[in-house]
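# Descriptive analysis of the structure
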Amino acid sequence: MTRKKMRPMMPRPLDLARFSRRDFLKMGGTGLAGAALLGTAGCGSLFGGGQGGGNGGGGGGGNSITINLGDAIRDLNSTTTTDSVSTDVLLNVMDGLYRLDENTEAQPAIAEGVEISDDQLNYTFTLRDGVQWSDGSPVTAQDFEYAWLRALDPETAGQYAFIIGQFVEGGTEFNAGEGSREDVGIRATDDKTLEVTLAAPAPFFLGLTSFFTYLPQKQSFVEEQSDNYAQGADGLLYNGPYTLTEFNSTKGVTFEKNDRYWNADNVDIPKVEAVIVTEQDTIVNLYEGGDLDVAGLSAEYVDEYRDSPEFNTQTFFATFYLTWNYENEIFQNSNILKAIQMGFDRQAIADQILNNGSKPATGYVPEGMAANGGDDQTFREVQGPTVPEFNADEARRLFEQGVEELGQEPGEIELLVYEGDPAEDVAAFLQEQFRKNLGLQTRIKVQPFDAKLQLEADGDFEMSWQGWIGDYNDPMTFLDLYLSDSSFNTGGYQNDQYDQLITDAQAEADPAARLELMQEAERLLVEEDAAVAPIFFDGEAELIRSNIKNYVDHPYGGGIDLSLWRLEG
């Protein structure tokens, strides 16, 4: 999901866009630029329900709170949506087979349990008794079968079909139009039993069933709604912690507790107003005025609020990195690539420009991500750093050696960047670092998010900085992006050894052997080939009203989970 805007500023555009993997990229770049959709007045009720305030300064008033989605809601259809704002909404009104808990570990939700075959290829899920849609009809195994196959159907053209297709037997072939629906390993054998056959072992698969593309849909309702499906509060059926009682794609939504939810007794906050505000000054003013209960902070506000007991930072499973187009001869020289990796100060970017909990990248796979499907150790703890430390002198030596090998000066290189702060600030810093430390001249090309993605997809760029947020808690959600046939490998990196390592890891059933393959792949990608220059692991700074307890914003996949929050006082 990438997300969304730079996370801090919003709950996911992050595109960091954890938002959608792609949107996430957007988030990371666009930050808070844009006009405030709500203006500077207090939020109150978005839909004329009266002014909030009260109950600990909360914007919602009474036993409700007000949060900021930070960007428009683009698509609430689970089979086609990608952006983090929409998925934040969707995952609070829908429940999958499993759901992430407060520690981001997968726990049974609509499924009461699962049996897994010894070869880790066959999963048999059993649904709970009595789980219902918001219209009172039962949630069935057929609802999952229908939605998953609908997501894979080439007629749907969902960008996230791959998140099912690459793991479920026959899914990729069906999605590509080269296989049949009947050959996909998804079967509802009765109302309560769903059998899933994987193409290869995936130790993170239970967590993946909490991902938005794996949510159920009731076929009869979808067909009855036709083009109106997911277009408004009445265009959806809900089986999650909340229902939507108000919906405006550019103003926000109202969540109200779903009394039919199987776990309703553990949902504490009865009502949440979710507004859309993009301008940072307005966000802070609304928070100070008691009209907003959670406020993302951009860098310039962090120092002002750092000592507040309501100040919070967190780091997501998200990496921003420099990548390059191998069609350009300069990027075919390994010494020049290693010089670029080593030639800028990541700590300064994290501390002086972002100032929001982001950390200097020590590898391509972000900090915190499990080593292998939920092991206690993280991948970074097992692997250690693969990114070289900043060393201007050594970077200059490598760069000059590379230029000598090329036999000519590289000329001015274009650096493609996202529009807005802090993306442009980071780009300006990199430009100066490369000039000062390497003698490399760059010109910055600023593009809106969608235009930037298109230039990259067309191969019409020289050097770019991109971002990615994990869809699931496993290094593979990052490492497979650099397969030579990956649509996300826009720079054209190609190494048969890397492809083989990733392919072998995807098929490997032994966890230790699989981890070794992924470690070797990252070392090859970053240390040996210098195919990518990780910059920082993305963070977020925010203010959270003191009466909100157990605040959870998942570092990957799920985003904010209102059902886990508690309201005290």
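Only a predicted model underlies this, so the values are computations on that prediction, with no experimental measurement involved.

### Quick look at the overall build of the chain
When helices and strands are counted, the chain shows 18 helices and 19 strands. Of all 569 residues assigned to the chain, the portion counted as buried reaches 60%. Within the chain, residue pairs in contact and separated by at least 24 positions form 67% of the contacts whose partners lie at least 6 positions apart. Working note: accessible area of the chain is about 20400 Å², and carbon and sulfur atoms make up 40% of it.

### Digging into helix H17 (residues 496–507)
In this model, H17 (twelve residues) spans 17 Å end to end at C-alpha, consistent with the 16 Å of a helix rising 1.5 Å per residue. As for H17, its buried residues are in contact with helix H16 (476–479) and helix H18 (511–528). The opening residue of H17, the one whose side-chain oxygen lies 2.8 Å from the backbone nitrogen of Gln 497, is Asn 495.

### Side note on the nonpolar core
Formed by 151 residues in total, the largest nonpolar core has its most connected members in Leu 322, Trp 465 and Trp 565. In terms of residue count, helix H3 (residues 141–152) provides more of this core than any other element does, eight residues in total. Of the domains in this structure, domain 1 (65–274 + 545–567) and domain 2 (314–540) are the two that each give at least three residues to this core. For Trp 565, the contacting residues outside a window of four places in its chain are Ile 65, Ile 67, Asp 268, Ile 269, Val 294, Ile 548, Lys 549, Asn 550, Tyr 551, Val 552 and Ile 560.

### Focus on the side chain of Thr 378
By secondary structure assignment, the location of Thr 378 is in the loop between strand S13 (359–360) and helix H12 (379–383). Setting aside residues no more than four positions away along its own chain, Thr 378 makes contact with Gly 368, Met 369, Ala 370 and Ala 371.

### As for the packing of helix H11 (residues 346–354) against helix H14 (residues 423–437)
At their nearest, the axes of H11 and H14 sit 11 Å apart, and the two run at 140° to each other. The angle between H11 and H14 places the two elements in the oblique class. Once H11 is placed against H14, the crossing between them reads as right-handed. Residue-level contacts link Ala 348, Ile 349, Ile 353 and Leu 354 of H11 to Asp 425, Val 426, Phe 429 and Leu 430 of H14. Each residue belonging to the contact of H11 with H14 can be placed in one class, and the counts come to seven nonpolar, no polar and one charged.

### Examining helix H13 (residues 392–406)
Between the first and last C-alpha of H13 there are 21 Å, a value that for 15 residues agrees with the 21 Å anticipated at 1.5 Å per step. Of the residues making up H13, those classed as buried are Ala 395, Leu 398, Phe 399, Gly 402, Val 403 and Leu 406. With its buried residues spanning 140° around the axis, H13 presents them on a single face. Across H13 from its buried face, at more than 90 degrees, point the exposed residues Asp 393 and Glu 404. Looking at the buried positions of H13, the neighbouring elements they touch are helix H10 (334–342).

### A closer look at the packing of H17 against H18
Contact pair H17 / H18: the axes reach a minimum separation of 9 Å and the direction vectors enclose 155°. One finds that H17 runs roughly antiparallel with respect to H18. Helix-helix and strand crossings are classified by hand; for H17 and H18 the assignment is left-handed. Contacts from Gln 497, Tyr 498, Leu 501, Ile 502, Asp 504 and Ala 505 in H17 reach Arg 514, Leu 517, Met 518, Glu 520, Ala 521, Leu 524 and Leu 525 in H18. The class makeup of the residues in the contact of H17 with H18 is nine nonpolar, one polar and three charged.

### Observations regarding the side chain of Asp 553
As for its position among the elements, Asp 553 is in the loop between strand S18 (548–549) and strand S19 (566–567). Among the residues examined, Asp 553 registers a relative accessible area of 5% and is labelled buried. Reaching out from Asp 553, the side chain makes a polar contact with the backbone nitrogen of Ile 560 at a distance of 3.3 Å.

### Regarding the pattern of salt bridges
Tallied over the full model, the rule gives 16 salt bridges. The salt bridge involving Arg 99 is made with Asp 561; its shortest N-O contact spans 3.2 Å. Pair noted here: Arg 99 is in strand S2 (residues 98–100) and Asp 561 is in the loop between S18 and S19, with a separation of 462 residues, a long-range link. We classify Arg 99 as buried; its relative accessible area is 13%. Asp 135 is paired through a salt bridge with Lys 218; the nearest N and O atoms lie 3.4 Å apart. Within this pair, whereas Asp 135 is found in the loop between strand S5 (122–127) and H3, its partner Lys 218 is found in the loop between helix H6 (205–208) and helix H7 (219–225), the two being separated by 83 residues in sequence. Each of Asp 95, Arg 99 and Asp 561 takes part in salt bridges that share partners, so that together they form one network.

### Description of the packing of aromatic side chains
Any two aromatic rings considered together are summarised by their centre-to-centre distance and by the angle between their planes. Within the structure shown, the criterion is met by 33 aromatic pairs. A centroid spacing of 4.7 Å and a plane angle of 40° characterise the contact between Tyr 551 and Trp 565, whose relative ring orientation is tilted. With Tyr 551 in the loop between S18 and S19 and Trp 565 in the loop between S18 and S19, the pair connects residues that are 14 residues apart, well separated along the chain. Take Tyr 551: its relative accessible area is 19%, and that puts it in the buried class. Note on Trp 565: relative accessible area 1%, which makes it buried. A cation over a ring is seen here: Arg 128 above Trp 262, with NZ or CZ 3.8 Å from the ring centre. Here Arg 545 stacks its cationic end above the ring of Tyr 287, 4.0 Å away from the centre of that ring.

### Thoughts on the environment of Asn 122
If you trace the backbone, Asn 122 turns up in strand S5. With 73 residues separating them in the primary sequence, Asn 122 and Glu 195 have C-alpha atoms 7.2 Å apart. Excluding its chain neighbours within four sequence positions, the residues that come into contact with Asn 122 are Glu 115, Ile 116, Ser 117, Val 196 and Thr 197. A distance of 3.2 Å separates a polar atom in the side chain of Asn 122 from a polar atom in the side chain of Thr 197.

### What about the confidence of the model for the chain?
Chain-level statistics for the chain give a pLDDT mean of 89 and a share of 89% at 70 or above. Throughout residues 1–57 the model reports pLDDT below 50, and contacts reaching past four residues in sequence, or to other chains, amount to 328 contacts.

### Considering the pairing of S5
With burial as the criterion, only one face of S5 is covered, namely that bearing Tyr 123, Phe 125 and Leu 127; the residues Asn 122, Thr 124 and Thr 126 on the opposite face remain uncovered. Where strand S4 (residues 111–116) lies against S5, five bridges are found, and the strand directions are antiparallel. Counterpart to Val 114 in the pairing with S5 is Phe 125. The turn linking S4 back onto S5 is made up of five residues, and Gln 120 within it adopts a positive phi angle of 65°.

### Notes on the sheet that holds strand S1 (residues 64–68)
Judged by pairing direction, the sheet is mixed, and its four strands sit side by side in the order S1-S10-S9-S8 without closing on themselves. Where the open sheet ends on each side, the last strands, each with one partner, are S1 and strand S8 (242–248). Taken over all neighbouring pairs, the strand axes of this sheet differ in orientation by 20° on average, direction set aside. In this structure, strand S9 (residues 252–257) lies alongside strand S10 (residues 271–275), joined through five bridges in antiparallel fashion. Considered in S10, the bridge of Phe 255 is made with Val 272.

What counts as what
- Residues numbered from 1 in each chain as written.
- Predicted model: local features only at pLDDT ≥ 70, side-chain atom pairs only at ≥ 80, totals over all residues.
- Heavy atoms only, no water.
- Helix = DSSP H or I, 4+ residues; strand = E, 2+ residues; numbered from the N terminus.
- Buried < 20%, exposed > 50% of the residue type's maximum accessible area, 1.4 Å probe, protein only.
- Contact = heavy atoms within 4.5 Å.
- Areas by Shrake-Rupley, 256 points an atom, 1.4 Å probe, with all protein chains shown as cover.
- Expected span 1.5 Å × (residues − 1).
- Polar contact = N/O pair within 3.5 Å; in protein donor to acceptor, adjacent residues only side chain to side chain.
- Core = buried A, V, L, I, M, F, W, Y, C linked by side-chain atoms within 4.5 Å.
- Domains from an automatic or database assignment.
- Axes fitted to C-alpha atoms, helices over the stretch in contact; angles between N-to-C directions.
- Parallel < 35°, antiparallel > 145°, perpendicular 65-115°, else oblique.
- Left-handed = near helix turned anticlockwise from the far one by under 90°.
- Nonpolar A, V, L, I, M, F, W, Y, C, P; charged D, E, K, R; others polar.
- Arc of directions from axis to C-beta.
- Salt bridge = Lys/Arg side-chain N within 4 Å of Asp/Glu carboxyl O.
- Phe/Tyr/Trp six-rings, centres within 6.5 Å; stacked < 30°, edge-to-face > 60°.
- Lys NZ or Arg CZ within 6 Å of the ring centre and 35° of its normal.
- pLDDT = per-residue confidence, 0-100.
- Pairing = 2+ DSSP bridges.

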